[in-house]
Amino acid sequence: MASASTSKCNSYALENESIKMVSQDGLSQDLSESVPQLPGEILITDKEVIYICPFNGPIKGRVYITNYRLYLRSLETDSALILDVPLGVISRIEKMGGATSRGENSYGLDITCKDLRNLRFALKQEGHSRRDMFEILTRYAFPLAHSLPLFAFLNEEKFNVDGWTIYNPVEEYRRQGLPNHHWRITFINKCYELCDTYPAVLVVPYRTSDDDLRRVATFRSRNRISVLSWIHPENKMVIMRCSQPLVGMSGKRNKDDEKYLDVIRETNRQISKLTIYDARPSVNAVANKATGGGYESDDAYHNAELSFLDIHNIHVMRESLKKVKDIVYPNIEESHWLSSLESTHWLEHIKLVLTGAIQVADKVSSGKSSVLVHCSDGWDRTAQLTSLAMLMLDSFYRSIEGFEILVQKEWISFGHKFASFPTAFEFNECFLITILDHLYSCRFGTFLFNCESARERQKLTERTVSVWSLINSNKDKFKNPFYTKEINRVLYPVASMRHLELWVNYYIRWNPRIKQQQPNPVEQRYMELLALRDDYIKRLEELHLANSAKLSDPPASPSSPSQVMPHMQTHF
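Predicted model only: the values in this text are computed from it and were never measured. (Residues numbered from 1 in each chain as written. Predicted model: local features only at pLDDT ≥ 70, side-chain atom pairs only at ≥ 80, totals over all residues. Heavy atoms only, no water.)

Let us now look at the state of the cysteines. Summed over the entire model, instances satisfying the criterion amount to 0 disulfides. Considering cysteine sulfurs only, Cys-451 is the nearest to Cys-195, which forms no disulfide, with 8.4 Å between them. In this structure Cys-195 comes out as buried when scored by relative accessible area, which is 1%. (Disulfide = S-S within 2.5 Å. Buried < 20%, exposed > 50% of the residue type's maximum accessible area, 1.4 Å probe, protein only.)

To continue, consider the packing of helix H11 (residues 400–413) against helix H12 (residues 429–441). One can describe the packing of H11 onto H12 by two numbers: an axis separation of 12 Å at closest approach and a directional angle of 30 degrees. Between H11 and H12, the crossing angle belongs to the class labelled roughly parallel. Considering only the axes of H11 and H12, their crossing is right-handed. Of H12, the residues touching H11 (which contributes Ile-400, Phe-403 and Glu-404) are Phe-431, Leu-432 and Ile-435. (Axes fitted to C-alpha atoms, helices over the stretch in contact; angles between N-to-C directions. Helix = DSSP H or I, 4+ residues; strand = E, 2+ residues; numbered from the N terminus. Parallel < 35°, antiparallel > 145°, perpendicular 65-115°, else oblique. Left-handed = near helix turned anticlockwise from the far one by under 90°. Contact = heavy atoms within 4.5 Å.)

All right, on to the sheet that holds strand E7 (residues 118–122) then. The 7 strands are arranged E4-E3-E2-E1-E7-E6-E5 in an open sheet whose pairing can be described as antiparallel. Both outer strands of the open sheet, strand E4 (82–86) and strand E5 (90–96), are each paired with one neighbouring strand and no more. Between one strand and the next, the sheet's axes are offset by a mean angle of 30 degrees, whatever the strand orientation. Pairing between strand E1 (residues 43–53) and strand E2 (residues 57–66): 10 bridges, direction antiparallel. The residue bridging Tyr-51 from the neighbouring strand is Ile-59, located in E2. Across the face of the sheet, helix H2 (residues 129–141) comes into contact with E1, E2, strand E3 (69–74), E5, strand E6 (108–113) and E7 while running at roughly 165 degrees to E5. (Pairing = 2+ DSSP bridges.)

All right, on to the pairing of E1 then. In this structure, the hairpin formed by E1 and E2 is closed by a connection of 3 residues. Bridge count between E1 and E7: 2 bridges; the pairing is antiparallel. In the strand pairing of E7, Tyr-51 is matched with Phe-121.

Enumeration according to the criterion identifies 16 aromatic pairs in this entry. Here the aromatic rings of Tyr-64 and Tyr-71 are separated by 6.5 Å at their centres, their planes lie at 55 degrees, and the arrangement is tilted. For the pair shown, Tyr-64 and Tyr-71 are each scored as buried. Between Tyr-68 and Phe-151, the aromatic rings sit 4.8 Å apart at their centres with planes inclined by 40 degrees, giving tilted as the arrangement. You can see Tyr-68 sitting in the loop between E2 and E3 and its partner Phe-151 sitting in the loop between H2 and helix H3 (169–175), a full 83 residues away along the chain. Just as Tyr-68 is buried, Phe-151 falls in that class too. The lysine or arginine in question, Lys-95, covers the ring of Phe-134, its NZ or CZ lying 4.7 Å from the ring centre. Directly above the ring of Tyr-107 sits Arg-130, whose terminal nitrogen or CZ lies 4.0 Å from the centroid. (Phe/Tyr/Trp six-rings, centres within 6.5 Å; stacked < 30°, edge-to-face > 60°. Lys NZ or Arg CZ within 6 Å of the ring centre and 35° of its normal.)

All right, on to the pattern of salt bridges then. Scanning all chains against the criterion turns up 31 salt bridges. In this structure, the salt-bridge partner of Glu-157 is Arg-443, at a minimum N-O distance of 2.5 Å. The exposure class of Arg-443 is buried, given its relative accessible area of 2%. Overlapping salt bridges bring together Asp-46, Glu-48, Lys-60 and Arg-62 as one network. (Salt bridge = Lys/Arg side-chain N within 4 Å of Asp/Glu carboxyl O.)

With numbering aligned to this structure, UniProt lists the feature "active site" (unreviewed entry) at Cys-375. As for its position among the elements, Cys-375 is in the loop between strand E14 (371–374) and helix H10 (381–393). Residue classification places Cys-375 among the buried positions, given a relative accessible area of 3%. Other than its neighbours up to four places away in sequence, Cys-375 contacts Cys-242, Ser-243, Gln-244, Asp-278, Ala-279, Arg-280, Arg-381 and Thr-382. (UniProt positions renumbered as here; feature names shortened; annotations may be inferred.)

We now examine the nonpolar core. Judged by nonpolar contacts, the single largest core of 98 residues is most densely connected at Phe-121 and Leu-137. With 9 residues, helix H9 (residues 346–365) is the largest single contributor of residues to this core. The residues touching Phe-121, leaving out its near neighbours within four places in the chain, are Val-49, Ile-50, Tyr-51, Leu-70, Leu-72, Leu-83, Met-96, Tyr-107, Gly-108, Leu-109, Ile-111 and Met-133. Tyr-173, Leu-202, Leu-274 and Ala-304 belong to the second largest nonpolar core, which has 35 residues in total. (Core = buried A, V, L, I, M, F, W, Y, C linked by side-chain atoms within 4.5 Å.)

This paragraph deals with the environment of Gly-415. Residue placement: Gly-415 occurs in the loop between H11 and H12. Placed 36 residues apart in sequence, Gly-415 and Trp-379 show a C-alpha to C-alpha distance of 6.1 Å. Setting aside anything within four residues of it in sequence, one finds Gly-415 in contact with Thr-197, Trp-379, Asn-450 and Cys-451.

In structure tokens:
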């Protein structure tokens, strides 16, 4: 939300409630014992500290450090505070204070986290207690820098669902009706020789040979050629993705690349132009010429129409997100909240991405044109645009399984958020937050490494657990009870600053004074009715089975109405 009311309640219980929210995955925790542990997790050290709570002041506690998490439990009788922080979430560890520091709680560690938190611990100056804790945290929070394995390779959790099997590229393309007379599946990249950051399975125009693809690859940044992401089931317009052409300052051309884009256009005889959406601001695209990149000019690509979407690069986004962190943690200044949020430019960036995705979806859905999307290297902004457009166009991706496949396909396989629609998505907010939290946790192998070839070399599917195993073994927890399955309904969110809101339950979840949004009472009642319906159906089935058994036995006496149950229906 763009603004939120500040609760007057300032209690340890509230903070404890806020912190407990973090445990999204139902770990059994016996808080009277020591730290909760996953299979494969081992305790490295524990130490008495003072946690400098930004909301309630200094709290005496004991911190436990394992090879997976930092876990703090309060030792004070009037506080039930618990911190549970996966070490993968830590981005920086700094020492605060020196040997001569005399201020109270001025000597210790300051820990910066990727989930918008900062944790500060005060330690005793004698006995090297800070040095020991600093060295252990540094070692296990950044294991690769210390020749240690990531925890995902040590995790021995077992689930009743294998999340690694959720995405099969050939099956997903078949679901889309591919291959067909115009598009083929190629395995030219099966050993990742054409492009080391692309997946092994690609869909390309039927008329293009593998030799053609090799020649085209030389003219695209990192060899990331134009490949199909999605095809419309009716009008057969497509969404393609690639990286920038290597035009350079001299304005180089490549006849093979020009011909290839024309072949893509000709796969659908209804269109005269191929629409190219360059995610970058035009000034950035021009500047990229100085480093050998560039964009598709009108004189070289006669049958293409180029539009720039003005989405800034990852460095600008990162700086904007840092400003968001500054205004949401630890304190929120209510009197200047709207102006502070505006100064971050975060919602402006979200608007530009959303607007671009809507343009892509509209071009394809309306049958006006097939679309090619790229930025510089074709993985950050490109994936944002293609995946959002596909989410709008294809209702399958709005189911739990479909969204998992979308993430695997457009983000994980090809290297490398959302407006609310109450009935359109099968998954709930908890689903999205769980994915975001495990993006950094290092508990699962799903998001490790930058591309499919690196994951293949490390044999992640054999050596690690998938986050989809966690989610799919307990799907009810992540389901939206209002979900209504629809076929071929296109969603067009309103990309207006007046309608965009900050995601409070993610960005401000650590602040106990901001009342967390409780489950919707209508949603709760709906869940109760669903449970009641399931109970009635189960009882009806049991009665029906019992009645069938009675009817199959020879009657001892003429049957009475009470002995025979007519077929019953329920309107739940």
